Every structure is written in structure tokens, then in C-alpha cells.
Amino acid sequence: MTATTLDPKTALVVVDLQKGIVDLPTAHPSADVVAKSATLADAFRAKGLPVVLVRVTGGAPGRTEGAQRSGQPAADWADIVPELGPRDGDIVVTKQQWGAFYGTDLDLQLRRRGVTQVVVTGIATSIGVESTARSAHEHGYHVTVVTDAVTDMDGGAHTNSIEKIFPRLGETDTTEAIVKLLG
């Protein structure tokens, strides 16, 4: 679905564009996702709208069949990529699980600012981005996912989220279209 409008109080939520994640092999070049997210962040900042930079520093407990990270990550693994900031006024959220809402103050930070809509970008489409978009929808926010500013380590999972999941949670569109809607 094409994005139709942006609420006057819309926030950009950038998921996991941090040094340790952008270096992983992805279905689409992570450098493009970073560049498009930076373009959006600059546009949101220029309009005085909130920019939320989300990073992950751990993982939820519990047994899974998926491979677990082993060893100690590099000291700068969780640092937000410099193209994005953080800049003065940005909100930085540190999470311990896939989504940016559970166990963080993200909802409180957004509600204090009167935010009614979120525009979501980042890595990984089917994990952190999708979990954040689902939770935003469940919290009653209008959700827009920027399809050319997300990628995944698994191309099929990325396509499933873009084509099957995100249209059920809100609207989708490109970086260019979102910048135009910002005016």
C-alpha cells in the first residue's frame, strides 16, 4: 500500500543500524539501508520531528533452535553507525530483544511527544523491524515501513515481511515518497 499521509506528530524509528549488524551479510546492501535511513533522519530532524535510534545489546532468554551468537562482540558492536548519529535531540533506545517496545521506554518517549505515527527502517526486516512494527500497531500507532530502507539476512523472509506482513500493519512506501510527504 502506498503511504497516503504522515500525521503531524510522526516519529522515525530506525532499528538496529549499528556497527555489529550493518556488517552482516544481507539480502540488499546494508550501505543503501543506512544511506536511505540517514536521508530520512535528516528530513525528520529538519521538520523538528522525533528520530529514534534503536540498538540491541543482548537477547531474550530462552531455548531456540536458531544459532546463538558465540564469543564476545567487539567493543563498538552496539554503536549506532556514524551516518545516523545520534544527533542532539535524538532518542536512543537500547533493547534486549527483537522489538523496540518490549522492555524499553519507547512507548513512553513517543507518547510524551504526542506521536501518533511511526515510520520504521532498519535491519533485519523480518526480525527487529517487523517486531517493532507489529508492536507499534498493537500500541495504536499508525505504522509506515520504508521498503527501500530495510533489509534482512534472508531474502525470502524479507520478501514475506514486505509483501504479506507490513500491508496488514499499516502502509509501505519508499524513502523518496516519505520525504515528499514530509513536505
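Description of the structure in this document. (Residues numbered from 1 in each chain as written. Predicted model: local features only at pLDDT ≥ 70, side-chain atom pairs only at ≥ 80, totals over all residues. Heavy atoms only, no water.)

### Details of the sheet that holds strand S3 (residues 91–95)
By way of backbone hydrogen bonds, the strands of a sheet pair with one another, either parallel or antiparallel.
Line of reasoning, step 1. Taken in spatial order, the six strands line up as S3-S2-S1-S4-S5-S6 in an open sheet, and their pairing is parallel. Edge positions in the open sheet fall to S3 and strand S6 (171–173), since each of these has one partner strand only. Direction aside, the axes of adjacent strands within the sheet are offset by 25° on average.
Line of reasoning, step 2. As paired elements, strand S5 (residues 142–151) and S6 share three bridges and run parallel to each other. Bridge pairing in S6 links Val-146 to Asp-173.
Line of reasoning, step 3. Most of the contacts of helix H4 (residues 125–138) go to S5, to which it runs at about 170°, and overall it touches strand S1 (10–15), strand S4 (117–123) and S5.
Line of reasoning, step 4. Contacts from helix H6 (residues 175–182) reach S4, S5 and S6 within the one sheet, and its direction differs from that of S5 by about 140°. (Pairing = 2+ DSSP bridges. Helix = DSSP H or I, 4+ residues; strand = E, 2+ residues; numbered from the N terminus. Axes fitted to C-alpha atoms, helices over the stretch in contact; angles between N-to-C directions. Contact = heavy atoms within 4.5 Å.)

### Focus: unusual backbone geometry
Excluding glycine, residues mostly carry a negative phi; peptide bonds, for their part, are mostly trans.
Line of reasoning, step 1. Note the cis peptide between Gly-85 and Pro-86, where omega equals 10°.
Line of reasoning, step 2. Within the secondary structure layout, Pro-86 lies in the loop between strand S2 (51–56) and S3.
Line of reasoning, step 3. At the junction of Ile-123 and Ala-124, the peptide bond is cis and its omega measures out at 5° in the coordinates.
Line of reasoning, step 4. Within the secondary structure, Ala-124 sits in the loop between S4 and H4.
Line of reasoning, step 5. One non-glycine residue, Asp-16, adopts positive backbone phi at about 60°.
Line of reasoning, step 6. Checked against the element boundaries, Asp-16 lands in the loop between S1 and helix H1 (19–22).

### Side note on the packing of H4 against helix H5 (residues 155–169)
Line of reasoning, step 1. Between H4 and H5, the least distance of the axes is 10 Å, while the angle of their chain directions is 5°. Between H4 and H5, the angle is such that the two are roughly parallel. Where H4 abuts H5, its residues Thr-125, Ser-126, Val-129, Glu-130, Ala-133, Arg-134 and His-137 lie against Ala-157, His-158, Ser-161, Ile-162, Ile-165, Phe-166, Arg-168 and Leu-169.
Line of reasoning, step 2. Here the contact of H4 with H5 is composed, by residue class, of seven nonpolar, five polar and three charged. (Parallel < 35°, antiparallel > 145°, perpendicular 65-115°, else oblique. Nonpolar A, V, L, I, M, F, W, Y, C, P; charged D, E, K, R; others polar.)

### Description of the pattern of salt bridges
Line of reasoning, step 1. In total, this model carries eight salt bridges according to the counting rule given.
Line of reasoning, step 2. In this structure, Lys-95 engages Asp-16 in a salt bridge whose closest nitrogen and oxygen atoms are separated by 3.0 Å. Here Lys-95, found in strand S3, pairs with Asp-16, found in the loop between S1 and H1; they are 79 residues apart in sequence, far enough to count as distant. As far as the burial class goes, Lys-95 and Asp-16 line up, both buried.
Line of reasoning, step 3. Sharing partners across several salt bridges, the network here consists of Asp-42, Arg-45 and Asp-90. (Salt bridge = Lys/Arg side-chain N within 4 Å of Asp/Glu carboxyl O. Buried < 20%, exposed > 50% of the residue type's maximum accessible area, 1.4 Å probe, protein only.)

### Comments concerning the environment of Val-13
Line of reasoning, step 1. In this structure, Val-13 sits in strand S1.
Line of reasoning, step 2. Using a relative accessible area of 1% as the deciding quantity, one classes Val-13 as buried.
Line of reasoning, step 3. In the structure, Val-13 is positioned 79 residues away from Val-92 in sequence and 9.8 Å away in space, judged by C-alpha atoms.
Line of reasoning, step 4. Discounting chain neighbours no more than four positions away, the residues touching Val-13 are Val-52, Val-54, Val-118, Val-119, Val-120, Thr-121 and Thr-132.

### A word on the packing of helix H2 (residues 30–46) against H6
Line of reasoning, step 1. Following both chains from N to C, one finds H2 and H6 inclined at 5°, their axes separated by 10 Å at the closest point. As judged from the angle between their axes, H2 and H6 are roughly parallel. Side by side, H2 and H6 meet where Lys-36, Thr-39, Leu-40, Ala-43 and Phe-44 of the first sit next to Thr-175, Ile-178, Val-179 and Leu-182 of the second.
Line of reasoning, step 2. Classifying every residue of the contact of H2 with H6 gives six nonpolar, two polar and one charged.

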